[in-house]
Amino acid sequence: MQLWDEELESYRPEAQKLSEEMPFDQFRLADPNFGDPLAYAKEHRELLISFEADPSPMAEDSAIAGPAGDIPVRLFVPEEPKAMYLHIHGGGWYLGRPQMSDPDNEHLATNHGLAVLSVDYRLAPEHPYPAANDDCEAAAAWMLENGPQLWGTDKMFIGGESAGGHLAASTLLRVRDRLGAIDRVLGANLVAGMYDFRGTPSMFDNGGRPDVLDTESILTILEFFIPNMSEEQRRNPDLSPLFADLSGLPSCLVSAGATDHLADDACFLATRMAAAETPVELALYPDSPHGFTSFPSEMANAHKRRIDTWLASILS
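Figured I'd write up the structure that's included with this text. (Residues numbered from 1 in each chain as written. Predicted model: local features only at pLDDT ≥ 70, side-chain atom pairs only at ≥ 80, totals over all residues. Heavy atoms only, no water.)

A few points about the overall build of the protein
In terms of regular secondary structure, the protein is built from 11 helices and 8 strands. Compactness check: the protein gives a C-alpha radius of gyration of 18 Å against a globular reference of 20 Å for 316 residues, within 12% of the reference. By principal-axis analysis of the C-alpha atoms, the protein measures approximately 50 × 45 × 40 Å. Scored against the burial criterion, the 316 residues of the protein give a buried share of 54%. Summarising the internal contacts of the protein: among those between residues at least 6 apart in sequence, 77% fall at separations of at least 24. Only carbon and sulfur atoms are counted for the fraction: they give 50% of the accessible area of the protein, which is about 13500 Å². Here the protein holds 22 positive side-chain charges and 50 negative ones, and the gap between their average locations is 3 Å. (Helix = DSSP H or I, 4+ residues; strand = E, 2+ residues; numbered from the N terminus. Rg over C-alpha atoms; globule rule 2.2 N^0.38 Å. Buried < 20%, exposed > 50% of the residue type's maximum accessible area, 1.4 Å probe, protein only. Contact = heavy atoms within 4.5 Å. Areas by Shrake-Rupley, 256 points an atom, 1.4 Å probe, with all protein chains shown as cover. Lys, Arg positive; Asp, Glu negative; His and termini not counted. Charge placed at Lys NZ, Arg CZ, Asp CG, Glu CD.)

Right, here's the structure in full:
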């Protein structure tokens, strides 16, 4: 079975070179034996902010009601929205904010006519599971209720990257099971998420290839998000979408780099979706680590084009 085409194959030398040269160590948890999880999280939040692009002039900051108070959100609204897009940022559930995705969210609004709401959900370790999931569900419910009046559309997409990919999958299932509105979701764009919190094979061993993630760091991050949770508890479908009923869902684009420690999560989720007869596409990118989509590379450009094509096909 061929998992990528000749175009992606031609980008492999550049991808390999970038992975070998990328200073991944500066992004990792340098010492997993930290003494103060909150202090460590705050330090990494400040580091990630330093890598953000310039803020989009199109973005508007607002807030919506959530289960524990107001939730900050960042909006990108075109003149005549065709549909809505709930965006959920990455950052390992303990760092990150909507601003880090301004360029991509502006692109969704200007190139596809989508009214984008990027949700600034509560972060671990201050707010472990299910706080982030609850905030994302609240954002989806708010869009479904207010979108028709504000933006003239009752249809939406859900998407996210890394931790946001996981939260997007969880939110998709909650829209179906709790909100009863899966018919209003056009599709889900799930990028490099974790879908089995017990850990898939690649999480423990990606063949020693360069990656921003490593097993030790992932296990540490999980203690922020799901502290002291047993293996049985980690099989909860609300936490681990791989264990959910995956039937009756809209079109899903499931993406990951082939050398990502979470590559197996994408492969397993897409396979189970296909077996449940959910329309799904698996996009796997060779020699590409976690977070490759933010690299200045042909592989990242190909990923963006794949999303554009997928969105355009649904909107048409």
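Regarding the packing of helix α4 (residues 102–112) against helix α11 (residues 298–315)
Close contact between α4 and α11 brings their axes to 12 Å; oriented N to C, the two are set at 40 degrees. On the basis of the axis angle, α4 is oblique to α11. Once α4 is placed against α11, the crossing between them reads as right-handed. Of the residues in α11, those touching α4 at Asp 104, His 107, Leu 108 and His 112 are Lys 304, Asp 308, Leu 311, Ala 312 and Leu 315. (Axes fitted to C-alpha atoms, helices over the stretch in contact; angles between N-to-C directions. Parallel < 35°, antiparallel > 145°, perpendicular 65-115°, else oblique. Left-handed = near helix turned anticlockwise from the far one by under 90°.)

Here we look at the sheet that holds strand β7 (residues 251–257)
Across a sheet, paired strands are connected by hydrogen bonds in the backbone, their directions being either parallel or antiparallel. The 8 strands lie next to each other as β1-β2-β4-β3-β5-β6-β7-β8, forming an open sheet whose pairing is mixed. Among the strands making up the open sheet, the edge pair consists of β1 (60–66) and β8 (280–285). Taken over all neighbouring pairs, the strand axes of this sheet differ in orientation by 20 degrees on average, direction set aside. As paired strands, strand β6 (residues 185–191) and β7 are joined by 5 bridges and run parallel to one another. Across the sheet, the residue bridging to Val 191 is Ser 255, located in β7. (Pairing = 2+ DSSP bridges.)

Topic: unusual backbone geometry
Omega for the peptide link from Ala 124 to Pro 125 comes to 0 degrees, which places this bond in the cis form. Residue position: Pro 125 is located in the loop between β4 (114–119) and α5 (131–151). Pro 130 follows Tyr 129 through a cis peptide bond whose omega is 10 degrees. When you line up the elements, Pro 130 lands in the loop between β4 and α5. Even without being a glycine, Ala 192 presents a positive backbone phi close to 55 degrees. Secondary-structure assignment places Ala 192 in the loop between β6 and α7 (201–204). The backbone of Asn 228 sits at a positive phi, close to 60 degrees, despite the residue not being glycine. Residue position: Asn 228 is located in the loop between α8 (215–225) and α9 (231–234).

Some points on α4
Turn by turn, an α-helix covers 3.6 residues, leaving residues three or four places apart pointing in a common direction. Three or more residues of α4 are buried, namely Asp 102, Asn 105, Leu 108, Ala 109 and His 112. In a view along the axis of α4, the buried residues occupy a sector of 155 degrees, so they form one face of it. As for α4, its buried residues are in contact with β2 (69–76), β3 (83–88), β4 and α11. Once α4 finishes, Gly 113 follows within two positions and takes phi at roughly 70 degrees, a positive value. (Arc of directions from axis to C-beta.)

Regarding the side chain of Glu 137
Tracing the backbone through its elements, the reader meets Glu 137 in helix α5. Polar side-chain contacts of Glu 137 include one of 3.5 Å to the side chain of Arg 178. Those residues in contact with Glu 137 that lie beyond four places of it in its chain are Thr 171, Arg 174, Arg 178 and Leu 179. (Polar contact = N/O pair within 3.5 Å; in protein donor to acceptor, adjacent residues only side chain to side chain.)

Section: α11
An ideal rise of 1.5 Å per residue puts 26 Å on 18 residues; α11 measures up with 25 Å between its terminal C-alpha atoms. Looking only at α11, the buried set comprises Met 299, Ala 300, Ala 302, His 303, Ile 307, Trp 310 and Leu 311. (Expected span 1.5 Å × (residues − 1).)

Quick notes on the packing of aromatic side chains
Applying the stated criterion across every chain, the model contains 10 aromatic pairs. Residues Phe 157 and Trp 310 carry aromatic rings whose centres are separated by 5.8 Å and whose planes lie at 65 degrees to one another, so their mutual orientation is edge-to-face. With Phe 157 in strand β5 (residues 156–161) and Trp 310 in helix α11, this residue pair connects regions lying 153 residues apart in the sequence. Classification of Phe 157 as buried rests on a relative accessible area of 0%. You can call Trp 310 buried: its relative accessible area is 2%. Centroid distance Tyr 285 to Phe 292: 5.1 Å. Interplanar angle 45 degrees. Geometry classified as tilted. An identical accessibility class is assigned to Tyr 285 and Phe 292; each is buried. Taken together, the aromatic side chains of Trp 93, Tyr 129, Phe 197 and Phe 225 make up a single cluster linked through ring pairs. (Phe/Tyr/Trp six-rings, centres within 6.5 Å; stacked < 30°, edge-to-face > 60°.)

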